[in-house]
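Single-letter residue listing:
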Amino acid sequence: MRFHPKRCKHYTLCSLAMFLLCGLIACRQTADIDQEPLSTAASSPVRKEDSSVTIYFATYAAAVDTFKSLAEEFHDLNPDIRVEVSAMQDYVTGGLSYEEHLYRTVTTADTGLWWIDHTATRYGLVKDLSAFIGADAGFDPEDFYPATLDAFHWDGGIWALPYVIATGLISYDKQAFADAGLPYPQTRWTQADFLRTAQQLTIREEGGTVRYGFVDLLNADLESFILSQVGSLHDPETGLPALDREEVAQAVRWYTDLALVDGVMPDPSADMGESNFRLVQAGRAAMWSTTLGATYGTEMQVSDIGFVPFPEADWPANAAYSNGYFMSSGTDYPQESWRWLNFLTRHRVEIWDDVLPARRSVAEQTQYWAQFEPEEAAAAQYAAERLSFTMRSEADDNLTKALSRIFKEGESIETALAEAQEAALAQYAQWAQATPRAVRIAPRELASEAETPTVTFAPPFYLMRPTDWVSIAEAFNREHSDMRVKIVNRDADAVDCMVEPVPLMQNTGAPAQFLNVQPLFDRETDSSLAGIPAHFQDALHYQGALWGVPFQAQAYIIYYNRELFDAAGEPYPQPGWTLDGFLATAQRLTRGSGDAQQWGYLPQNAPAEDLRVFLAVQGVALWDADGRPRFDAPEVVTAIARYTDLAIKHRVMPVFAQDFADYQYATSQHQKALISQGQVAMWSNYTGQQYGVAGVRAGMAPLPVNQHGHGTAVFRYEGLFVASETPHREVCWAWFRALSSEAELIEGIPARVNLLDSPSLQSRLGEETVATYRAVLEYDPLPALSLSEVAQIRWLYEAVGEILTGASPEGALGNAQQQTQ
């Protein structure tokens, strides 16, 4: 097994599978929207008027350049066809359903690469490719790995061509097998073999399970363990969902018994894999589901890993996932589009590492299997001939929900499947009444890029929704025939304008790389800083110049676990809650002991920053008016003792004494694990960070205020900057003016506060988040530390660490004050 720490910022075994599934799973969690067809005239690309046909291809932003190169190669082979490649939105967010997002794509592009499911086909958004396959003698369906073409085969059609395959496997700890005196599992092993092996490998001691025989990290329950026993969740004659059959109940019982009866597997639905991954990393899993080529980070304790296909039953058992190349039902060039899609299936396009090309010939030509260790490659090659795909339908979705109820709520299998069957039939009936939508690709002329002033723009590097920016830029380009914006990464060779964290100019001085935009503001009659909070503006002002346009900020706030609050009958935190209310809430939600301790509060970010915020809320100044430290002042000692008592006296907060002076990465991982395992009721961090805690239904509230209603928050500002060397500052400025009204791009607290009134932003964020943002905007910003203060406050942090380990506040803070002299 090969470990690649550079590739493994965090464990992402299921990331590819979930990413491929996001077109279905994530979108179906969004609200339904108006189904009236959108006007496409203003959002469609150009048809070039020359001797060739131009077709359009939409794909993930990360793959645009690769597909552009393939388009050039394709044009050399097919001079009569040109392919224009553009980025589409990778994730469905911003209130758009999967169907609506795909509709917008198929009305602007003839072809594309994305997740295609029953929604896409029942609304008539993509073409059935069966006739093209049947008429193309050179297509050779047998060249595809078994079942891959069938992955997109339903309702009498084939709706996409498979792009790549994420191949599931079982990984196992060879040392665990050796210690148990067991032979390694082999291909063709059965589910009975698997269960017997898992039972022999599970180690229990008083108080819990030391090692599980199996951890379903991939959530391969449906594909590899249930469908392998029943084949299909639909009636073969009617096509209707058939979840209430006895054989389905038996397969579900076999799988759920792994956790609920046999105890060889932890509940796989508990937290979307976060704590289960920790079990694998810590060597507490003898076997686990995985994908081909998965890596596990530098903290992985298992050094010798083996691989085997999933255990076999009556049908193929190896979980596999794929997205596909599709053709818009509105294309005017179906034959040309088919030639392009067929061409693409014969090339390996690496958007994600290690995924298997759908065609055997491509895998052979690119020596795909040579990159893996022989044992891993052999297991995966065997699995590739026995793949189990499921394109999620109403039957699959409702069975997944039934499994969750069985695990989490203890609902009986018969009841859960009966409810699932009823819900699936209702959804099926609704689909049967679906009205196909009219799809038309309307061309519109654009100026040639070579003749147009073009600026490169780098959005924030941490984006949750990276290609929203691409969509907005394309709309801007359509509306401005005399200028163009191109979205690039921050590390591109040349960037004309960008979103950047605002530098702390009191410590770093004027940013020479940025342009002073004050003159650009001064000449405007309809563009100003009005409505932007003063502290947002102050962050960008320095020495009489304005070095950027305030864009948004991330603020320090409180998150909370809704399920823990609900279980305790505790009301959710609300804006205006006080420090006393915060403590009382934390005390009521602290319970248990030892490894199972539930904490009322945890500062997930560096605790030193948390300390400064809580001191500021109490009105404590750590420096006097002349800038001299006052760490041993009576009110400072009292306020710090009040904070450290959260851990020492009230025991509502875990102790991280050593992390005040030097925050440890290992601590951050431990904190995140506690939160994801449901052991923390409230935690503090910056806005946007709830997305980093898997499996937790998190709420949001502002930091508590003092008895006078005074609140303080840390703001991390971000601005729109123009590079000082750009030759196209006017284009950047026009682009910035357009961005000022784009609520869809906001991933924090908007500098233009009126954007919080935007219905689209409110829909995407939710009422609670908007209320939190409005409350935080009324708080005083915590001043940033100067360079001298940074050097001095380290002594304070070391003193707080000493207090947490038993020192008296007066003594420790007195020593800290002396060290600053």
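Residues take numbers from 1 onward in each chain, read along the sequence in its written order. With the structure being a predicted model, the display of local features is reserved for residues of pLDDT at least 70 and the display and counting of side-chain atom pairs for 80 or more, all residues being used for whole-chain, interface and lining totals. With hydrogens and water set aside, each side-chain value is computed from the structure's full complement of heavy atoms.

1. Notes on the overall build of the protein chain
Then step 1. Looking only at helices and strands, the protein chain features 29 helices and 28 strands.
Then step 2. Split into buried and exposed, the 821 residues of the protein chain put 57% on the buried side.
Then step 3. Residues count as neighbours in contact if any of their non-hydrogen atoms are within 4.5 Å of one another. Of the contacts formed within the protein chain by residues at least 6 apart in sequence, a portion of 79% connects residues at least 24 apart. Secondary structure is summarised from DSSP: a helix means a run of H or I of at least four residues, a strand means a run of E of at least two, and numbering begins at the N terminus for each. When a residue's accessible area, from a 1.4 Å probe over protein chains only, is under 20% of the maximum for its type it is buried; when over 50% it is exposed; and in between it is partly exposed.

2. Observations regarding the pattern of salt bridges
Then step 1. Definition used for salt bridges: Asp or Glu carboxyl oxygen within 4 Å of a side-chain nitrogen of Lys or Arg. For the structure on display, the rule yields 20 salt bridges.
Then step 2. Note that Asp626 is salt-bridged to Arg628, the shortest N-O span being 3.4 Å.
Then step 3. Among the charged side chains, a salt-bridge network with shared partners connects Arg122, Asp155 and Glu394.

3. A few points about the packing of aromatic side chains
Then step 1. Note on aromatic pairs: the rings of Phe, Tyr and Trp (six-membered ring only in Trp) are paired at centre separations within 6.5 Å, and the planes decide the class, stacked below 30 degrees, edge-to-face beyond 60, tilted for the rest. Inspection of the entire model under this criterion finds 46 aromatic pairs.
Then step 2. Centroid distance Trp369 to Phe372: 6.5 Å. Interplanar angle 55°. Geometry classified as tilted. Here the two residues Trp369 and Phe372 agree in accessibility, since each one is buried.
Then step 3. Relative to Tyr572, the ring of Tyr560 lies with its centre 5.1 Å away and its plane at 40°, an arrangement referred to as tilted. Remark: Tyr572 occurs in the loop between helix H20 (562-568) and helix H21 (579-588) and Tyr560 occurs in strand S21 (residues 549-561); sequence separation between them is twelve residues.
Then step 4. According to the relative accessible area criterion, Tyr560 is buried, its value standing at 0%.
Then step 5. These aromatic residues form a ring-pair network of at least three members: Trp189, Phe194, Phe214, Phe225, Trp254, Tyr255, Phe310 and Phe407.
Then step 6. One cation-aromatic arrangement involves Arg562 over Tyr572; the distance from NZ or CZ to the ring centre is 5.1 Å. Two conditions define a charge located above a ring, namely a distance within 6 Å from the ring centre to NZ of Lys or CZ of Arg, and an angle within 35 degrees of the ring normal.

4. Considering the layout of surface pockets
It is the rolling of a water-molecule-sized probe over the atoms that shows where space remains empty.
Then step 1. Cavities and pockets are found on a 1 Å grid laid over the protein atoms alone: a cavity is a set of points where a 1.4 Å probe fits but cannot escape, a pocket is an open set with protein on both sides within 12 Å along at least five of seven lines, and a lining residue has an atom within 4 Å of such a point. Grid points are joined across faces, edges and corners, and a volume is the space filled by probe spheres set on the points. Of the volumes computed, that of the second largest pocket is approximately 870 Å³.
Then step 2. Sorting the residues of the lining of the second largest pocket by element identifies strand S9 (208-211), helix H10 (274-281) and helix H24 (665-676) as the ones contributing at least two each.
Then step 3. The classification used treats Ala, Val, Leu, Ile, Met, Phe, Trp, Tyr, Cys and Pro as nonpolar, Asp, Glu, Lys and Arg as charged, and all other residues, Gly among them, as polar. The class makeup of the residues in the lining of the second largest pocket is 13 nonpolar, 13 polar and six charged.

5. Considering the packing of helix H23 (residues 634-648) against helix H29 (residues 809-819)
Then step 1. Here, axes are lines fitted to C-alpha atoms. For helices the fit covers the stretch in contact, and angles between N-to-C directions go from 0 to 180 degrees. It is at 10 Å that the axes of H23 and H29 come closest, and there the two elements cross at 120°. What the angle tells us is that H23 and H29 run oblique. Judged by the twist between their axes, the crossing of H23 over H29 is right-handed. Touching Val637, Ile640 and Ala641 of H23 are Pro809, Glu810 and Leu813, all from H29.
Then step 2. Taken together, the residues of the contact of H23 with H29 break down into five nonpolar, no polar and one charged. Roughly parallel covers angles under 35 degrees, roughly antiparallel covers those over 145, roughly perpendicular covers 65 to 115, and oblique covers all other angles. Should the near helix be turned anticlockwise from the far one by less than a right angle, the crossing is left-handed, and should it be turned clockwise, the crossing is right-handed.

6. Notes on the pairing of strand S16 (residues 454-458)
Then step 1. Taken across its five residues, S16 has four buried, putting it largely inside the fold.
Then step 2. Looking at chain direction, S16 and strand S17 (residues 484-487) are connected through four bridges and run parallel. Within S17, the position partnered with Val455 by the bridge is Val485.
Then step 3. If DSSP finds at least two bridges between two strands, the strands pair. Pairing geometry for S16 and strand S18 (residues 497-501), over two bridges, is parallel. Across the sheet, the residue bridging to Ala458 is Met498, located in S18.

7. Structural notes on the packing of helix H14 (residues 394-409) against helix H15 (residues 413-432)
Then step 1. Packing of H14 against H15 leaves a shortest axis separation of 8 Å and a crossing angle of 155°. With respect to each other, H14 and H15 are oriented roughly antiparallel. As H14 runs across H15, the sense of the crossing is right-handed. Along the contact surface, H14 presents Glu394, Ala395, Asn398, Leu399, Ala402, Arg405 and Ile406, while H15 presents Ile413, Ala416, Leu417, Glu419, Ala420, Ala423, Ala424, Gln427, Tyr428 and Trp431.
Then step 2. Of the residues in the contact of H14 with H15, the class split is twelve nonpolar, two polar and three charged.

8. Re the sheet that holds strand S2 (residues 81-88)
Then step 1. If you trace the five strands from one edge of the open sheet to the other, you get S2-S1-S3-S13-S6, paired in mixed fashion. Only two strands of the sheet have a single neighbouring strand rather than two, namely S2 and strand S6 (161-162).
Then step 2. Bridging between S6 and strand S13 (residues 324-327) involves two bridges; their strand directions are antiparallel. Counterpart to Leu161 in the pairing with S13 is Tyr325.
Then step 3. Sheet contacts for helix H2 (residues 64-77): strand S1 (53-60), S2, strand S3 (111-114) and S13; angle to S2, the most-contacted strand, approximately 175°.
Then step 4. Along the sheet face, helix H11 (residues 334-344) touches S1, S2, S3, S6 and S13 and points at about 175° away from the line of S13.

9. Regarding the confidence of the model for the protein chain
Then step 1. Scored from 0 to 100, pLDDT reflects the predictor's confidence in each residue. Averaged over the protein chain, the pLDDT score is 84; the fraction of residues at 70 or greater is 87%.
Then step 2. Averaged over each element, pLDDT in the protein chain is lowest for helix H1 (residues 15-21) (40) and highest for helix H7 (residues 191-201) (97).
Then step 3. Contacts for the low-pLDDT stretch residues 1-50, under 50 throughout, to residues beyond four places or in other chains number 136 contacts.
Then step 4. Segment residues 90-95: pLDDT under 50, and 23 contacts once partners within four positions in sequence are set aside and those in other chains are kept.

10. A word on helix H27 (residues 767-776)
Two residues of an α-helix separated by three or four positions point the same way, owing to the 3.6 residues in each turn.
Then step 1. Every buried residue of H27 is accounted for by Thr769, Val770, Thr772, Tyr773, Ala775 and Val776.
Then step 2. Structurally, H27 contributes buried residues whose contacts are with S21, strand S24 (698-701), strand S25 (712-713), strand S26 (715-722), strand S27 (749-750) and helix H26 (759-765).

11. Description of the pairing of S13
For a regular strand, side chains alternate in direction, first toward one face of the sheet and then toward the other.
Then step 1. The alternating pattern of S13 places Gly324 and Phe326 on one face and Tyr325 and Met327 on the opposite face, and all of these are buried.
Then step 2. As judged from the four bridges shared by S3 and S13, these two strands associate in the antiparallel manner. Bridge pairing in S13 links Gly112 to Phe326.

12. Details of unusual backbone geometry
Then step 1. Phi is positive for Asp140, which is not a glycine, with a value near 55°.
Then step 2. Here Asp140 is to be found in the loop between helix H5 (130-135) and strand S4 (153-154).
Then step 3. The class of Asp140 is partly exposed, set by a relative accessible area of 39%.
Then step 4. One non-glycine residue, Arg651, lies in positive phi territory at about 55°.
Then step 5. Within the secondary structure, Arg651 is located in the loop between H23 and H24.
Then step 6. For Arg651, a relative accessible area of 56% puts it in the exposed group.

13. A look at the nonpolar core
Most often, soluble globular proteins have nonpolar side chains that are buried together.
Then step 1. Joining through side-chain atoms within 4.5 Å is the link that ties buried Ala, Val, Leu, Ile, Met, Phe, Trp, Tyr and Cys residues into a set, and such a set is a nonpolar core. Core analysis: the largest hydrophobic core is formed by 119 residues, its most contacted members being Phe457, Ile640, Met682, Trp735, Phe736 and Leu739.
Then step 2. Ranked by the residues each element gives to this core, the list is headed by S21, at nine residues.
Then step 3. Contacts of Trp735, omitting those with residues within four sequence positions, involve Phe457, Trp469, Ile472, Ala473, Phe476, Val485, Ile487 and Cys497.

14. Quick look at the side chain of Ser228
Then step 1. Along the chain, the position of Ser228 falls in helix H8 (residues 221-230).
Then step 2. Polar contacts involving the side chain of Ser228 include one to the side chain of Gln191, which spans 3.0 Å.
Then step 3. Look past the residues within four positions of Ser228 in its chain and what remains in contact with it is Gln191, Glu223, Ala313, Asp314, Trp315, Pro316 and Ala317. Pairs of N or O atoms within 3.5 Å make up the polar contacts considered here, provided that, within protein, one atom can donate a hydrogen while the other can accept it, and that residues adjacent in sequence are counted only when both atoms are side-chain atoms.

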